[in-house]
Amino acid sequence: MRTKNYSLLFATFILSATALYAQDKHALSVQQISTSKWNTQDGIPYKQVPGVNLGAISFEVLSGTEVAYLSSASNEMMVADENTGSVIKKFPVLFAPRDFAYDNGFYYVLNADQVAVYDNNGSLTKNIAFPNNKYTGVEHIARYNNSTYLLLPSGNSLIIESNGMPAAIKEYEGWITSSGVFVKTKITGENTYAVTVITADGKHFDRTFTTERPTAGIYVTGASADRVYVDEQTYITGNPISVERNIVSLSLSANGIGAAVTVTKVPDCYYVLSNNDFHLSANGTLLNMVTAPQGVYVFALTEAKASDAKAYPDYIAAVKYHFNDHMLKVDPK
């Protein structure tokens, strides 16, 4: 009578399962799509003033061939050719802009207490005032379904305009995303955070996630039909404060929020204080603006098999630069 070698069978099963898991594992593959230099004739302006370094603070990729940047250094909207990085169009915007959204040929530019709307020629078409002083100082804006939303520090969204007319003031739970769902994040413990998705028909999906290191912050990046992207920040050290930043993609289905699909470390390179360095395009591509000493870069991050995924290039990943360490020094008098 022949006996089976169960140890060998078990070992073979484990190896096969491990190989299958490795094949199924995914990551975000990084591809550079544009770069523009600082302070050249056709580049993006950069300057230092006491307390802050100014430059490109928000961006969007337009029509696949152009990149729009909002400049805090010159209070301008600047449109660059995606391939050459050269600025091909620019126009002045309101003072001290914070963020912008591009929708249907119009630029919606946010400052401390209003939204100014400009057409593709740079002409001001209207101003949208905030409903009251309660919302002064908001730093993020979004457009969805021909409506304008303020993305509030509380994690909620405030609709202020719809179809070109002032909207009935209403605050929604979560930040509106380009897919139409609202997403809210919250730190729930030293090493935990919760993500909530509210669908267009009012369904709530909740899930709690655990971090290896203490959670420093968790922020909404965007959502597509089957993914939720969050900006997960954890403490490396507490004194001095050192934080690692990861973009985490979570699966999303009609049954709710699933597990993390990819975790991507964000380069520790911040030449300029930017309000909006990640943007999810209408086709579901995650876009990242990186400000480096040599210029401003835009990368596209797309999901791929881990074995095929490309990382950030060394000329970005190897740079350790934070504007806080390079402030303009002013001699006291």
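Not measured: the values here are computed from a predicted model. (Residues numbered from 1 in each chain as written. Predicted model: local features only at pLDDT ≥ 70, side-chain atom pairs only at ≥ 80, totals over all residues. Heavy atoms only, no water.)

(A) Here's a closer look at the confidence of the model for the protein chain. Per-chain confidence: the protein chain averages 90 in pLDDT, with 90% of residues scoring 70 or above. Across residues 8-23, confidence stays below pLDDT 50; counting only partners more than four residues off in sequence or on other chains, it has one contact. (pLDDT = per-residue confidence, 0-100. Contact = heavy atoms within 4.5 Å.)

(B) Seen up close, the pairing of strand S20 (residues 215-223). Within S20, seven of the nine residues are buried, which leaves the element mostly enclosed by the surrounding structure. Summarising the sheet, S20 and strand S21 (residues 227-238) pair through seven bridges and their orientation is antiparallel. Across the sheet, alanine 223 pairs through a bridge with valine 228, a residue of S21. (Buried < 20%, exposed > 50% of the residue type's maximum accessible area, 1.4 Å probe, protein only. Helix = DSSP H or I, 4+ residues; strand = E, 2+ residues; numbered from the N terminus. Pairing = 2+ DSSP bridges.)

(C) Inspection of unusual backbone geometry at higher detail. Geometrically, the link from asparagine 239 to proline 240 is a cis peptide bond, its omega value of 0° lying close to zero. Tracing the sequence through the fold places proline 240 in the loop between S21 and strand S22 (241-253). Even without being glycine, asparagine 104 reaches a positive phi, approximately 55°. Of note, the phi angle at asparagine 145 is positive, near 55°, even though the residue is not glycine. Along the chain, the position of asparagine 145 falls in the loop between strand S12 (140-144) and strand S13 (147-151).

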